[in-house]
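# Structural overview for review
Residues per chain are reported as follows:
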Amino acid sequence: MDGMARALELARQALGATSPNPAVGAVVVRDGQLVGEGFTQPPGQAHAEVVALGMAGEKARGASLYVTLEPCPHYGRTPPCTRAIIQSGLREVHLAFLDPNPLVRGAGRRQLESAGIQVVVGEGEEASRKLLEAYCKFITTGLPFLTAKFAASLDGKIAARGGDSRWITGEPARREAHRLRAISDAVMVGIGTVLADDPLLTARDAQDQPLSRQPLRVVVDSQARTPPSARLLRPSAEGLRPPGSVLIACAHAPQARIRALRDAGAEVVEAAAEDGRVDLKELLRLLGQRQVTSILAEGGSALLGSFFDLGLVDKVAAFIAPVIVGGAGGVPAVGGQGAASMAQALRLADREVHHLGDDLLVVGYPRLGA
């Protein structure tokens, strides 16, 4: 069987549940048969390799392990995976790529080879690196990986001139947007989106029910204008608040507004830039300190424009609907200063295009001259 392909499938199942640990998949194969498999459990619980070896038991002796990231050689919340691998009697380990974590960086591989285990590196590397792109950025920089997501018409509008934006895309696209929320550590919007759309910002399933695990919901709101009665804060008729936590980032906002938001259940942090707006670089640094490894920035136009202008966008997920809005008053997907010339315009590298009902999802990485 294709052990690495199955390990990658398992790793995808762990996305969104393991942060700040990487989502890893592992498979034990003996005589061409799968005898054990697993993926990383939530923080503090077993890593993928330990789950797979536990399932394999004595059948792991003389077998091969396929794992999507170099096994850890150090103590953290759990013992080293390399120790479990060595004790299991495995004959060889196939790992997709070496962990960029400064605590690892080849040390796991060296421990295994010193114990007489054959190590093969590179199988499934490209797919695994893409799967773990947020982890790789976070573990090497301390900053979260930021994806700019928007749903726009063919002419690049996210709302009509009257402010109406529901719904530009169809149900399949909206389901995918909820999947992107579910695998992100945080979802972020600007105050304009809160005031215009009053969103919940929760990740929901196909029945529109909130998932058990929710991303942190972040509102960039310089003057703390978020209404305490906003849906993302407002208790339901049963007295229950929407699941998950809310963080509001402001600049030099009136203290009365900040107190009201805190009384409504929000956490409020101040990160002021010299222009009186929220310092987005500082905000990302603060979120990284909280071990937020990935952010889905959903708009609106002004917030996304600022992120692009500052060069802070790592990835783009653009949902494009076959709709023409028109008009100078329509709201563009990306505001800000933008490029002064086409030579300065960002182009998407490593592009993927997916059909979602009548809509398209274009995914890629913004680069100059790509």
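Parameters and conventions
- Residues numbered from 1 in each chain as written.
- Predicted model: local features only at pLDDT ≥ 70, side-chain atom pairs only at ≥ 80, totals over all residues.
- Heavy atoms only, no water.
- Buried < 20%, exposed > 50% of the residue type's maximum accessible area, 1.4 Å probe, protein only.
- Helix = DSSP H or I, 4+ residues; strand = E, 2+ residues; numbered from the N terminus.
- Arc of directions from axis to C-beta.
- Contact = heavy atoms within 4.5 Å.
- Pairing = 2+ DSSP bridges.
- Axes fitted to C-alpha atoms, helices over the stretch in contact; angles between N-to-C directions.
- Core = buried A, V, L, I, M, F, W, Y, C linked by side-chain atoms within 4.5 Å.
- Phe/Tyr/Trp six-rings, centres within 6.5 Å; stacked < 30°, edge-to-face > 60°.
- Lys NZ or Arg CZ within 6 Å of the ring centre and 35° of its normal.
- Salt bridge = Lys/Arg side-chain N within 4 Å of Asp/Glu carboxyl O.

On to helix 4 (residues 107–114). Inspection of helix 4 places A107, G108 and L112 among the buried residues, and these make up the whole buried set. One side of helix 4 holds all its buried residues, which, seen down the axis, span an arc of 135 degrees. At its buried positions, helix 4 is contacted by helix 3 (81–88), strand 4 (92–95) and strand 5 (118–121). After helix 4 finishes, the residue G116 shows a positive phi value of roughly 90 degrees.

On to the sheet that holds strand 9 (residues 216–220), then. Paired through their backbone hydrogen bonds, the strands of a sheet run either parallel or antiparallel. Taking strand neighbours across the sheet as the criterion, the 9 strands line up as 11-10-9-8-12-6-13-16-15 in an open arrangement whose pairing is mixed. Looking at the sheet topology across the chains shown, the edges are occupied by strand 11 (267–270) and strand 15 (346–356). Each adjacent strand pair in this sheet contributes to an overall mean axis angle of 25 degrees, direction not counted. Strands strand 6 (145–152), strand 12 (294–297), strand 13 (315–320) and strand 16 (359–368) of the sheet are contacted by helix 6 (residues 133–141), whose axis makes an angle of about 140 degrees with strand 6. Lying on the sheet, helix 7 (residues 171–182) is in contact with strand 6, strand 8 (186–190), strand 12, strand 13, strand 15 and strand 16; it crosses strand 13 at an angle near 160 degrees.

Below, the discussion takes up the nonpolar core. Most often, soluble globular proteins have nonpolar side chains that are buried together. Counting residues in hydrophobic clusters, the biggest one holds 34 residues, and the most contacted among them are V28, L65, V67, I85, L90, V93 and L132. With 5 residues, helix 1 (residues 3–14) is the largest single contributor of residues to this core. Ranked by size, the runner-up nonpolar core spans 32 residues in total, among them V218, L283, V292 and V362.

Turning our eyes to something else, we now look at the pairing of strand 12. Burial along strand 12 is two-sided: the residues S294 and L296 and I295 and A297 are all buried. In this structure, strand 6 lies alongside strand 12, joined through 4 bridges in parallel fashion. Looking at strand 12, one finds that F145 is bridged to S294. Judged from the 3 bridges that link them, strand 8 and strand 12 form a sheet pairing that is parallel. Paired with M188 across the bridge in strand 12 is A297.

The geometry of an aromatic ring pair comes down to the distance between the two centres and the angle between the two planes. Summed over the entire model, instances satisfying the criterion amount to 0 aromatic pairs. Over the aromatic face of W167 sits the side chain of R174, whose NZ or CZ is 4.5 Å from the ring centroid.

With that settled, consider the side chain of K157. Among the secondary structure elements, K157 is positioned in strand 7 (residues 157–159). Exposure remark for K157: the relative accessible area of 14% places this residue in the buried category. When neighbours within four sequence positions are excluded, K157 is seen to be in contact with A151, A152, I168, V325, G326, G327, G330, V331 and P332.

Turning next to the sheet that holds strand 2 (residues 33–39). If you walk across this open sheet you meet the 5 strands as 2-1-3-4-5, and the pairing is mixed. Across the chains shown, the open sheet's two edge strands, defined by having one partner strand only, are strand 2 and strand 5. Strand-to-strand twist of the sheet, defined as the mean angle between neighbouring strand axes without regard to direction, takes the value 15 degrees. Pairing of strand 3 (residues 64–67) with strand 4 involves 4 bridges; the strand directions are parallel. When the sheet's bridge partners are listed, V67 is paired in strand 4 with L95.

Turning next to the pattern of salt bridges. Scanning the entire structure with this criterion turns up 20 salt bridges. One salt bridge connects R285 with E282, and the closest N-O pair in it is separated by 2.5 Å. Of this pair, R285 and E282 both sit in helix 10 (residues 280–289), 3 residues apart, roughly one helical turn. Counted as one network, the salt bridges with shared partners bring together R6, E9 and E37.

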